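# Structure at a glance
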Amino acid sequence: MGLVGLEVVLWRAVAVYRFVALGYAAVLMVNNYHSYTRPWLGWTVLAVMAVWSIVATYTYGRADLRGWPLLIADLLVTMGCLIASHWVVTEASLRRGSATLPMVWVAAVVAAWSFSGGRWRGVIAALFISGADLWLRGSVTMATVNATVLLLLTGFILGYVVSLALDAEEQLQRATKLEAATKERERLARGIHDSVLQVLAIISKRGAELGGEAAELGRLAGEQEVTLRALVSVAPPPTASGQADLRERLRPFASAQVQIASPATVVPLPAEVADELAAAVNSALDNVRVHGGPQTRAWVLLEDEGDSVTVTIRDNGPGFPNGRLAQAAQEGRLGVAQSIVGRLRDIGGSASVTSHDGTEVELRVPR
Amino acid sequence: MTTVIVVDDHPMWRDGVARDLAEAGYQVIAAVGEAAQAVRLGTSLKPEVMIVDLQLADGSGVEVIRGVLATHPQARILVLSASAEQQDVLEAVKAGALGYLVKSAGRDEFLEAVRRTAQGDAVFTAGLAGLVLGEYRRLAAAPATGSDAPRLTDRETEVLRLVAKGLSYKQIAERLVLSHRTVQNHVQNTLGKLQLHNRVELVRYAIEQGLDDSGRVE
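Along each chain, residue indices are assigned from 1 in the same order as the chain's sequence is written. Labels are handed out in written order, letters beginning with A for the chains and numbers beginning with 1 for the ligands. In keeping with the predicted nature of the model, local features appear solely for residues at pLDDT of at least 70, side-chain atom pairs appear and are counted solely at 80 or more, and the whole-chain, interface and lining totals rest on all residues. Side-chain figures throughout are based on the complete set of non-hydrogen atoms in the structure, without hydrogens or water.

Identification of chain A as Histidine kinase from Rhizocola hellebori is taken from an unreviewed UniProt entry.

We now examine the interface of chain A and chain B. By the convention used here, residues are in contact when the closest approach between their heavy atoms is within 4.5 Å. Opposite the 33 residues of chain A that make contact, chain B presents 35 residues. Interface area for chain A against chain B, summed over the two sides, is near 3000 Å², with a carbon-plus-sulfur share of 51%. When two parts are brought into contact, each loses some accessible area as probed by a 1.4 Å sphere; the total of that loss over both is the buried area. Of all residues in chain A, A:Gln198, A:Lys205 and A:Ala264 give up the largest surface area on contact with chain B, accounting jointly for 19% of the area buried on that side. The salt bridge criterion pairs a side-chain nitrogen of Lys or Arg with a carboxyl oxygen of Asp or Glu, the two atoms within 4 Å. Across the contact surface, chain A and chain B share five salt bridges. Two N or O atoms form a polar contact when they lie within 3.5 Å of each other; inside protein one atom must be a possible hydrogen donor and the other a possible acceptor, and for residues adjacent in sequence the pair counts only when both atoms belong to side chains. For the interface between chain A and chain B, the tally reads six residue pairs in polar contact (both at pLDDT 80 or more). What counts as a helix is a DSSP run of H or I of at least four residues, what counts as a strand is a run of E of at least two, and both are numbered from the N terminus. Those elements that place two or more of their residues in the side of chain A that touches chain B are α7 (142-194), α8 (196-210), α9 (212-232), β2 (258-261), β4 (298-304), β5 (308-315) and β7 (359-366) of chain A.

As a further point, take the domain arrangement of chain A. Domain delimitation follows an automatic or database domain assignment. Domain annotation for chain A reports domain 1 (6-173) and domain 2 (242-367). Distance between the C-alpha centres of domain 1 of chain A and domain 2 of chain A: 68 Å.

Further remarks concern the pattern of salt bridges. Two side chains that carry opposite charge are able to pair once their charged atoms sit near each other. Residue and element names in this part refer to chain A. The full count for this structure, using the stated rule, is 29 salt bridges over all chains. One salt bridge connects Glu223 with Arg219, and the closest N-O pair in it is separated by 2.5 Å. With Glu223 and Arg219 both in helix α9 and four residues apart, the pair spans about one turn of that helix. The exposure class of Glu223 is partly exposed, given its relative accessible area of 25%. Among the salt bridges present, the one from Asp245 reaches Arg247, with a minimum N-O distance of 3.1 Å. The cut-offs for exposure are 20% and 50% of the maximum accessible area for each residue type, with area from a 1.4 Å probe on protein chains only; residues under the lower value are buried, those over the upper are exposed, and the others partly exposed.

Residue and element names in this part refer to chain B. For helix α7 (residues 154-164), a buried count of eight out of eleven residues is recorded, marking the element as mostly surrounded by other parts of the structure. Looking at α7, one finds that the buried residues are Glu156, Thr157, Val159, Leu160, Arg161, Leu162, Val163 and Ala164. Note on α7: the residue one or two positions beyond its end, Gly166, has a positive phi of about 90°.

A separate point is the packing of helix α3 (residues 68-84) of chain A against helix α5 (residues 107-117) of chain A. Residue and element names in this part refer to chain A. Only the stretch in contact is used when a helix axis is fitted, and all axes are lines through C-alpha atoms; the angle between N-to-C directions ranges over 0 to 180 degrees. Running from amino to carboxyl end, α3 crosses α5 at an angle of 160°, the nearest separation of the two axes being 10 Å. With respect to α5, the element α3 is oriented roughly antiparallel. Seen from above, α3 lies across α5 with left-handed handedness. On α5, the residues touching Trp68, Leu71, Ile72, Asp74, Leu75 and Thr78 of α3 are Val109, Ala112, Trp113 and Ser116. The residue classification treats Ala, Val, Leu, Ile, Met, Phe, Trp, Tyr, Cys and Pro as nonpolar and Asp, Glu, Lys and Arg as charged. All others, Gly included, are polar. The residue makeup of the contact of α3 with α5, split by class, is seven nonpolar, two polar and one charged. In these notes the angle categories are as follows: under 35 degrees is roughly parallel, over 145 is roughly antiparallel, 65 to 115 is roughly perpendicular, and the rest is oblique. A crossing counts as left-handed when the near helix is turned anticlockwise from the far one by less than a right angle, and as right-handed when that turn is clockwise.

Our next topic: the sheet that holds β4(A). Residues and elements named next belong to chain A. Spatial ordering of the open sheet is given by β2-β4-β5-β7-β6, a layout of five strands whose pairing is mixed. Taken across any chain shown, the strands that pair with only one partner, and hence form the sheet edges, are β2 and β6 (350-355). Going across the sheet, the axis of each strand differs from the next one's by a mean of 15°, ignoring polarity. Note on pairing: DSSP must find at least two bridges between two strands before they are called paired.

Let us now look at the environment of A:Thr144. All names here are of chain A. With respect to the secondary-structure elements, Thr144 resides in helix α7. You can call Thr144 buried: its relative accessible area is 1%. Thr144 sits 27 residues away from Gln171 along the chain, and the two C-alpha atoms are 41 Å apart. In this structure Thr144 touches Asp133, Leu134, Arg137 and Ser139, once residues within four positions along its chain are discounted.

The following block contains the structure:
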């Protein structure tokens, strides 16, 4: 991927925040160190914060180091710097709500925890920091409550938004990959159309003309041609709204014995309905294979009438004389057809079986 | 002797088709693989029949059909394609091809289709009938063309559906108690109306775009 991933950008943002907050803490330090009980300790804490900001920027920048040891170390260093305020800032001013040594720098660890593991991790880090802050102040005031709530919210919201953004990024990546795969498939399909399929068609045609064993080879080549064509014809995935193109569902049934006729434009149906119809067509064609001879051919006609969709399966097998449906049923030749009728009824459609120049099964589903 | 041009970008296939045609008594005056060349030869040599593949190296067979028919409208064109690209097949037929046959069709079926094409008869496979049926329904449903869309008569629809279900003209004639010729005429009409509508649309488009001022509409 040539693009910088979202995660990299996020960790960079945390690093920038760390340094900005460090600068703020330094300004406060310069303004206030004369009022501190132990200024040297204050300068030391600031130095630790500076060093840790650099270390954290480097380590969080590397995905392989971004584990629990680093997260816990980050939390401990931050809490340490915060608690050290106890020996630097006077107790009275802390109780009044004065700034601690690291100030808003402590929020960086909350952001880091949120980014690494979502909102609840962010909340946990915020609880630790708030606990330390509370201990430091020794009493619950409006200011400490405010700080706690803000920190918790920061952890929660950052974690939530980041997981949303990461999900979105992943989906985009998946879509991009799918598109690339489809393009590649189309490229392959074009190549195969132009070469292999043509040669297979020639073999099948010449074989049939030569007769004998060559005819058998030709027949096999013809079958492979149909199979290969079905394989490389690009089937788009069902759309987001759960609609499927019935033509794509029926296309795999095409073979040397089965011809499919359909409109040139998509025939959209809810995916479940399309699946049920395809299954019904499959059992109808199975029925043809079982009861017709090897020479029996079948035609599948798909019609989109706007308010309904009709699929007709006709074969040129022996059929059965009209008016003798009952006998055909007894012989088990209608068993499958009757199961098809039931299947269609389940999806709100209807099916009929007639015999006239072979057997015809008509499936109709309203939209 | 009927003159034929074969257009196919696969040399092995092209030669095979040309040989079959020559053996069956046709005069193959050219066998070419490129769309531009096919249009040039088709318009200059004016063959009676053209056998056109839809997938050509430098373009689509549909362009060949349009290009040739624009200056040599008497050409009778049969599409012979391995491609199952249904939209292309439909476009080819709307552009004026008389029929469509898959390349996997047997030699006898192919020669019979060429014979009928040479006579000016439509060559309808079940697959093509399904496409044409679908196109009429699409045109009727499309809001832009809804009112002046070409329509099939009930009888034409009936015949076309039977063709799409794989019945032969003979079987259809028996079932509907019609003559073989009448069935053939119905099928031919469905194609004719579609092609006429296509031409009207093209002219209308040309007028809208102001192309008629040049005095030539293609």
